[in-house]
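Residue-level structure breakdown
One-letter residues, chain by chain:
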Amino acid sequence: MTPPETAPEGEPSPLLVERNGRVATLTLNRPHRRNAMSTALLGRLDHELRKLTDQGGEAPGALVLTGAGGTFSSGADTREPDWRDLSRRAVRRAHFRTVFATLHEAPFPVVAAVEGYALGGGLELALACDLVVAGEGALFGLPELGVGAVPGGGAVHSLVRRAGRGVAARMLLIPGERVRADELARLGAVERTVPDGGALAEARALAASVAAGDPALLEAGVRLLRDSGHLDRTAALGVENGYWWQAASAANRDPSPSSGRP
């Protein structure tokens, strides 16, 4: 595993790592920049996510992603001196793609705890999680078209699938459009809202409750959730059957297909 790029000298670590029992927490830690995603932050996030998923039996039962200073993330750090340098953008892009791939393949559920803003890449990161808990006043948006870019981390696909084409079109095409967490909750893109300031505590409690389950069944469940949403019914039933047998075998529950047991 390639070591992550370090933060500039004198700047605190851009990502905080915490483990409490079966729940791990990764905190984006650039509050002075509303947790904008610098190259160093993306590199560290990429590195730590892969470490967590590579721990085998020591892997957490659930992961919480959040941001320091009362906001989740304002997206890419466009104030980095080399932000428009193509080679550096390619490095950031590679980290970003690996982060999303790792989240999709993680053997545990991932919960986003969102306060303040989740914009651009920050929104994409939140929607890449299995569950989103947000403060009622949190604001979500996709400002990329206004800064010379387009979303590249799956947010448009996720919004269309989870909340509908209309809200995806508003957030993508209308300059400055911001959607509150309570509206996204009504549409299904946010699973739970809480009073502002309470998202992290609620997300950790939810993660702890989920992580208390059988690890083999939990892994099968999250993989089923991620893999079946885009499939037609026949294909989805095939995926469910495969994960059913995988979970039964891993948990030492191996009933015969002819036994008649469910």
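Before any of the text, the structure's been laid out above.
Bear in mind the structure is a predicted one, so any value in this text is a computation, not a measurement.

**Some words on the overall build of the protein chain**
Along the backbone of the protein chain there are nine helices and nine strands. For the protein chain, the residues scored as buried account for 45% of the 262 residues in total.

**Here we look at the pairing of strand β1 (residues 15-20)**
Relative to strand β2 (residues 23-28), β1 runs antiparallel, the two sharing six bridges. Considered in β2, the bridge of Glu 18 is made with Thr 25. Between the end of β1 and the start of β2, which pair antiparallel, lie two residues, with Gly 21 showing a positive phi angle near 65°.

**With respect to the sheet that holds strand β4 (residues 110-114)**
In spatial order, the strands read β1-β2-β3-β4-β6-β9; together these six strands make up an open sheet with mixed pairing. Because the sheet does not close on itself, it has two edges, and the strands there are β1 and β9 (192-194). Within the sheet, the average angular offset between the axes of one strand and its neighbour, ignoring direction, is 20°. One ladder, built from four bridges, connects β4 with strand β6 (residues 131-135); its direction is parallel.

**Some points on a nonpolar patch on the surface**
A surface patch of nonpolar side chains, about 390 Å² in accessible area, is lined by Leu 145, Val 150, Leu 173 and Ile 174. Along the polypeptide, Leu 145 turns up in the loop between β7 (139-141) and α4 (155-162).

**Let's talk about unusual backbone geometry**
Backbone geometry follows two general trends: most residues other than glycine have a negative phi, and most peptide bonds adopt the trans configuration. In the Ramachandran plot, Arg 34 falls in the positive-phi region, its phi being about 50° despite a non-glycine side chain. Inspection of the secondary structure puts Arg 34 in the loop between β2 and α1 (39-53). Phi is positive for Asn 35, which is not a glycine, with a value near 55°. By the element assignment, Asn 35 lies in the loop between β2 and α1. Judged by its relative accessible area of 0%, Asn 35 is buried.

**Considering helix α5 (residues 165-173)**
Where α5 is concerned, the buried positions are Val 167, Ala 168, Met 171 and Leu 172. Looking straight down α5, one finds its buried side chains confined to an arc of 125°; they lie on one side. α5 presents Arg 165 and Leu 173 as exposed residues on the side facing more than 90 degrees away from its buried surface. The elements touched by buried residues of α5 are α3 (121-127), β7, α4, β8 (179-180) and α6 (181-187).

**Details of α4**
Of all the residues in α4, the buried ones are Ala 155, Ser 158, Leu 159 and Arg 162. In a view along the axis of α4, the buried residues occupy a sector of 100°, so they form one face of it. Looking at the buried positions of α4, the neighbouring elements they touch are α3, β6, α5 and α6. Within two residues after α4, Gly 164 carries a phi angle of roughly 110°, on the positive side.

**Some words on the pairing of β4**
In terms of residue burial, β4 counts as a mostly covered element, since five of its five residues are buried. Neither face of β4 is left uncovered, since the one carrying Val 110, Ala 112 and Val 114 and the one carrying Val 111 and Ala 113 both have all their residues buried. Inspection of the sheet shows strand β3 (residues 62-67) paired to β4 by three bridges, in the parallel sense. Its bridge partner lying in β4, Leu 65 is registered against Ala 112. Crossover β3 to β4 through helix α2 (residues 86-105) is right-handed.

Basis of the calculations
Residues numbered from 1 in each chain as written. Predicted model: local features only at pLDDT ≥ 70, side-chain atom pairs only at ≥ 80, totals over all residues. Heavy atoms only, no water. Helix = DSSP H or I, 4+ residues; strand = E, 2+ residues; numbered from the N terminus. Buried < 20%, exposed > 50% of the residue type's maximum accessible area, 1.4 Å probe, protein only. Pairing = 2+ DSSP bridges. Axes fitted to C-alpha atoms, helices over the stretch in contact; angles between N-to-C directions. Patch = residues over 30% accessible without salt bridge, like charges linked within 9 Å, V, L, I, M, F, W, Y side chains within 5 Å. Areas by Shrake-Rupley, 256 points an atom, 1.4 Å probe, with all protein chains shown as cover. Salt bridge = Lys/Arg side-chain N within 4 Å of Asp/Glu carboxyl O. Arc of directions from axis to C-beta. Contact = heavy atoms within 4.5 Å. Right-handed = clockwise from strand over helix to strand, strands pointing away.

Interpretation in functional terms is not warranted from these geometric data alone.
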